[in-house]
Amino acid sequence: MDCLFCKILEGTIPSTKVYEDELVYAFRDINPQAPVHVLIIPREHIASADGITPENSAVVARIFEIIPRIAASEGLSGGYRVITNCGEDGCQSVKHLHFHVLGGRRLTGQMG
Ligand code: AMP
């Protein structure tokens, strides 16, 4: 499958690992939008938030369990933002479900 994040998971494209376990992988965004910008992805290929089902949603719970640990280890004691872009109108550029964790400065109030 021609998926950039699957290639990162295989190790054929390099990444800077922040965290991994048997279900998820977290790494630094190549084009950070904040002092801390981490991407968290499921090892299973799920195309987007629109592809989350009762059968595969356990990994999403795992991701949200891991987020506070990553935030703590990245020093985000003042807070942070979690984003997933979905589909064309959501400006999703990589079609493998991922959650952006952004922080390290006061983020703008703009969401759209
Ligand atoms: P999105 O636009 O929500 O699909 O986010 C995709 C993100 O992947 C963007 O923030 C990109 O900067 C990031 N990205 C693209 N290629 C790489 C890469 N090789 N390593 C790390 N992050 C990447």
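From a predicted model like this one, the values you see are computed outputs, not experimental measurements.

Each value, and the rule that gives it
- All residue numbers refer to position in the chain's written sequence, counted from 1.
- A pLDDT threshold of at least 70 governs which residues receive local features in this predicted model, and a stricter bar of 80 or more applies before side-chain atom pairs are shown or counted, although totals over entire chains, interfaces and linings include all residues.
- As a convention, hydrogens and water are excluded, and side-chain values are obtained from all of the structure's heavy atoms.
- Here a Phe, Tyr or Trp ring, Trp counted by its six-membered ring, pairs with any other such ring whose centre lies within 6.5 Å, and the pair is stacked when the planes are under 30 degrees apart, edge-to-face when over 60, and tilted otherwise.
- The rule is simple: take the accessible area with a 1.4 Å probe, protein chains only, and divide by the maximum for that residue type; under 20% is buried, over 50% is exposed, in between is partly exposed.
- Secondary structure elements are defined from DSSP: runs of H or I of at least 4 residues count as helices, runs of E of at least 2 residues count as strands, and each element is numbered from the N terminus.
- Any two residues whose heavy atoms approach within 4.5 Å at even a single point are treated as in contact.

(A) Here's a closer look at the packing of aromatic side chains. Per the counting criterion, the structure on display carries three aromatic pairs. Plain terms: the ring middles of Y25 and F27 are 5.6 Å apart, the flat faces sit at 25° to each other, and that makes the pair stacked. Each member of the pair Y25 and F27 is classed as buried. Geometrically, the ring pair formed by F64 and F99 is edge-to-face, given 5.2 Å between the ring centres and 80° between the ring planes. Of this pair, F64 sits in helix α2 (residues 58-73) while F99 sits in strand β5 (residues 99-103); the two residues are 35 residues apart in sequence, bridging distant segments of the chain. Aromatic ring contacts, followed pair by pair, group F5, Y25 and F27 into a single cluster.

(B) Examining the environment of R43 more closely. The residue R43 is located in the loop between β3 (36-42) and α2 in this model. Judged by relative accessible area, R43 falls into the partly exposed class, the value being 31%. In this structure, the C-alpha to C-alpha distance between R43 and I8, residues 35 residues apart in sequence, is 10.0 Å. Setting aside anything within four residues of it in sequence, one finds R43 in contact with L9, E20, D21, E22, L23, V24, Y25 and H96.

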